[in-house]
Amino acid sequence: MAVPRYWREIPQRYNLVGTKCGSCGKIYFPPKVVCPTCRRKSLGHMEDCALAGRGTVESYTVIYAPPPHFEGEEPYTMALIKMDEGCYLMGQVVDLEPQEIHIGLRVEACFRRIYEDGTRGAIQYGYKFKKMEEAETP
Amino acid sequence: MREVALIGSGVTEFGELWEKSLADLVAEAGITAIMDAGIDGTDIDALYIGGMSAGRFVGQEHLGSLAAEVAGLSDLHIPATRVEAACASGGLALHSGYLAVASGAYDVVVVGGAEKMTDVPGTEATNILASAANREWEAFFGATFPGLYALMARYHMHKHGTTSKQLAQVAVKNHHNGTLNPKAQYQRKISVEDVLNSTMVADPLHLLDCSPITDGAAAVVVASVETARQFTDQPVRIMASCHASDSISLSERSRFDALPAAVSAARCAYRQAGVEPTDIDFAEVHDCFTIAEIMAIEDLGFVDRGQGGPATEDGLTARDGDIPVNTSGGLKSKGHPVGATGIAQIHELMLQLRGQAGQRQVEKADIGLSHNVGGSGGTAVIHILEAI
């Protein structure tokens, strides 16, 4: 795969910065240039919005047949996570045994290595998720 | 818009066809369909071909021109278009051909679909198929195609109580049907235990919950209804041809226990055809994974939401059930050459509607439906056909 795709600046991969529609207030991740609810009204009013990084597992899978970049990492857990801000995103859930994952598990984002492009290629970083460490006050 | 019919169809054998090239497969399917329709090269106004990723599977793009060349039609200089919508490329190619004939622009078009997938290693095929998902926000993080459907399966199980055994029964049924299809990649029966004991690919989906990697091609001939009678006394009318889209990313969907694009395309198709789900006699649905067939029969309104698993268990969709689904063996047993699948579904509908399905012929075959999905539900194409 071409190097520019890897090295393109995608700060959202590291910082979980999404966008908030200035018209309806809905928060999106990954960032959007147009709000699918407000459309035209939202143009020019989509603002950067950092997510707190906390969410709830909505569904999950454990991958045993990985694509080439993830060979040797299997089994790894991936989840569809509903962030506290209301948007959904997909990511790996790490630092837990596959049997520990369940729907409803509270998770928080962490910054991790995603994969390496061979031994001499670019190392890709981004977000993953782990079990929320501290008990939350309701 | 004019009334449109199908007047011929053909498929190659499906499987690991190491001795045949992509071009061989395109030529074989196309010529079979042309012979079946009884048309001559000079009758053809245009070609459409669906293909997902020939560029990455075999290093070949520009499939429209390739199809014209191998079919011996280059000198006619007719328009030849390649259509891509991941695993719905075939269905979308037919929708394109349908619109061209319905509009009056063309009278006779040939629509094909092809994919040659087994020339790359399995992990590379997984990676290529992941290009049907959002590369930067899903595949980048390690999501695979079975993984995306596994997320939907787990969600469906949690919300509706669907079980692994019910998923397995989709595979058992489709393999059973596949034993009667001489073109199918796998012509052997499997048991629920075989499915549940097979290797886990993406929990809760086992290897035998997944459709295979396949080489194959299919083609149909489309004509206006008034032209159709010149060539065949067994035309099949296209009652509806509908295409719907949704977000490419699973995480941006409005729900995870259904494919909203399929629901939308189905609504369009029933309205266009003037029929209800209960009028459909049989269907070919996009069972790329067992959960996909469970969601498909719900999205199509054959059963209520959440009832796909129990209905499958009760035999509703078996060949002798109330609404036979995937009599061809489906993607699961017949094989899933992604670009060809949408057209191969139409081929099966035509065989059934014309009473040519042999041992797997269903008793009542007046109206059939095909349901072809791209990616994890970013594209859905639905056709409803009737014998006339």
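Residues numbered from 1 in each chain as written. Chains lettered and ligands numbered in written order. Predicted model: local features only at pLDDT ≥ 70, side-chain atom pairs only at ≥ 80, totals over all residues.

Peer 1: Looking at this model, I keep getting lost on the overall build of chain B. Mind explaining?
Peer 2: If you tally the helices and strands in chain B, you get 14 helices and eleven strands. For chain B, whose C-alpha radius of gyration is 19 Å, the value lies close to the compact-globule estimate of 21 Å for 388 residues. Once the C-alpha set of chain B is aligned to its principal axes, its extents read approximately 55 × 45 × 40 Å. Here chain B, with 388 residues, has 64% of them falling under the buried criterion. A sequence separation of at least 24 residues applies to 77% of the contacts in chain B between residues at least 6 apart. (Helix = DSSP H or I, 4+ residues; strand = E, 2+ residues; numbered from the N terminus. Rg over C-alpha atoms; globule rule 2.2 N^0.38 Å. Buried ≥ 20, exposed ≤ 12 C-beta atoms within 10 Å, placed from the backbone. Contact = placed C-beta atoms within 7 Å.)

Peer 1: What should I look at first to understand the overall build of chain A in this one?
Peer 2: Looking only at helices and strands, chain A has two helices and eight strands in total. For chain A, the N- to C-terminal ordering of α and β elements is α-α-β-β-β-β-β-β-β-β. C-alpha extents for chain A along the principal axes are approximately 45 × 45 × 25 Å. Out of the 138 residues belonging to chain A, those deemed buried represent 33%. Sequence separation of 24 or more characterises 49% of the internal contacts of chain A that already satisfy a separation of 6 or more.

Peer 1: Quick question: what am I supposed to make of the sheet that holds strand S3 (residues 46-50) of chain A here?
Peer 2: Within a beta sheet, neighbouring strands are joined by backbone hydrogen bonds and run either parallel or antiparallel to one another. Residue and element names in this part refer to chain A. Here we have three strands laid out as an open sheet, ordered S2-S1-S3, and antiparallel in their pairing. Either end of the sheet is taken by a strand with one partner, and the two such strands are strand S2 (27-28) and S3. Where strand S1 (residues 17-21) meets S3, five bridges bridge the pair, whose relative direction is antiparallel. Along S3, the bridge assignment pairs Thr19 with Asp48. (Pairing = 2+ DSSP bridges.)

Peer 1: What is the right way to look at the domain arrangement of chain B in this model?
Peer 2: Accessible area lost upon the coming together of the parts is a frequently used measure of interface size. Residues and elements named next belong to chain B. Once the domains are mapped, chain B shows domain 1 (4-121 + 214-237) and domain 2 (141-211 + 239-387). Taking the mean C-alpha position of each, domain 1 and domain 2 sit 23 Å from one another. Each partner contributes to the interface: domain 1 provides 37 residues, whereas domain 2 provides 35 residues. Secondary-structure elements contributing two or more residues to the side of domain 1 that touches domain 2 are strand S1 (4-11), helix H4 (89-102), strand S4 (108-116), strand S7 (215-224) and strand S8 (236-245). (Domains from an automatic or database assignment.)

Peer 1: Where do I start with helix H6 (residues 145-160) of chain B in this structure?
Peer 2: Since the α-helix advances by 3.6 residues per turn, residues separated by three or four positions end up pointing in the same direction. Residues and elements named next belong to chain B. Across its 16 residues, H6 extends 22 Å between first and last C-alpha, which sits within 8% of the 22 Å expected from 1.5 Å per residue. For H6, a buried count of 13 out of 16 residues is recorded, marking the element as mostly surrounded by other parts of the structure. Immediately beyond the C-terminal end of H6, within one or two residues, lies Gly161, with a positive phi of roughly 80°. (Expected span 1.5 Å × (residues − 1).)

Peer 1: Would you mind showing me how to read the interface of chain B and chain A here?
Peer 2: Facing 26 residues of chain B, the contacting portion of chain A comprises 25 residues. Listed by contribution, the elements that provide at least two residues to the side of chain B that touches chain A are helix H5 (122-129), H6 and strand S5 (200-202) of chain B. In terms of residue count, the dominant contributor to the side of chain B that touches chain A is H6 of chain B (seven residues). Considering only residue class, the side of chain B that touches chain A consists of 14 nonpolar, eight polar and four charged. (Nonpolar A, V, L, I, M, F, W, Y, C, P; charged D, E, K, R; others polar.)

Peer 1: Mind showing me how you'd approach the packing of H6 of chain B against helix H11 (residues 290-299) of chain B here?
Peer 2: The relative placement of two packed helices comes down to the angle between their axes together with the axis-to-axis distance. Residue and element names in this part refer to chain B. At a closest axis distance of 9 Å, the pairing of H6 and H11 adopts a crossing angle of 55°. On the basis of their axis angle, the class for H6 and H11 is oblique. Judged by the twist between their axes, the crossing of H6 over H11 is left-handed. Counted together, Tyr149, Met152, Ala153 and His156 of H6 and Ile291, Ala292, Ile294 and Met295 of H11 form the full contact between these two elements. For the contact of H6 with H11, the residue count by class is seven nonpolar, one polar and no charged. (Axes fitted to C-alpha atoms, helices over the stretch in contact; angles between N-to-C directions. Parallel < 35°, antiparallel > 145°, perpendicular 65-115°, else oblique. Left-handed = near helix turned anticlockwise from the far one by under 90°.)

Peer 1: Whenever I open this one, the sheet that holds S1 of chain B confuses me. Can you help?
Peer 2: Residues and elements named next belong to chain B. Reading across from one edge, S3-S2-S4-S7-S1-S8-S11-S10-S9 is the order of the nine strands in this open sheet, with mixed pairing throughout. Each edge of the sheet is formed by a strand with only one pairing partner; in this case those strands are strand S3 (80-83) and strand S9 (282-285). On average, each strand axis in the sheet is tilted by 25° relative to the strand beside it, whichever way the strands run. Across nine bridges, the pairing between S4 and S7 is antiparallel. Its bridge partner being in S7, Val109 is matched across the sheet by Val222. Set on the sheet, helix H1 (residues 22-37) makes contact with S1, strand S2 (46-50), S4 and S7; between it and S7 the angle comes to about 35°.

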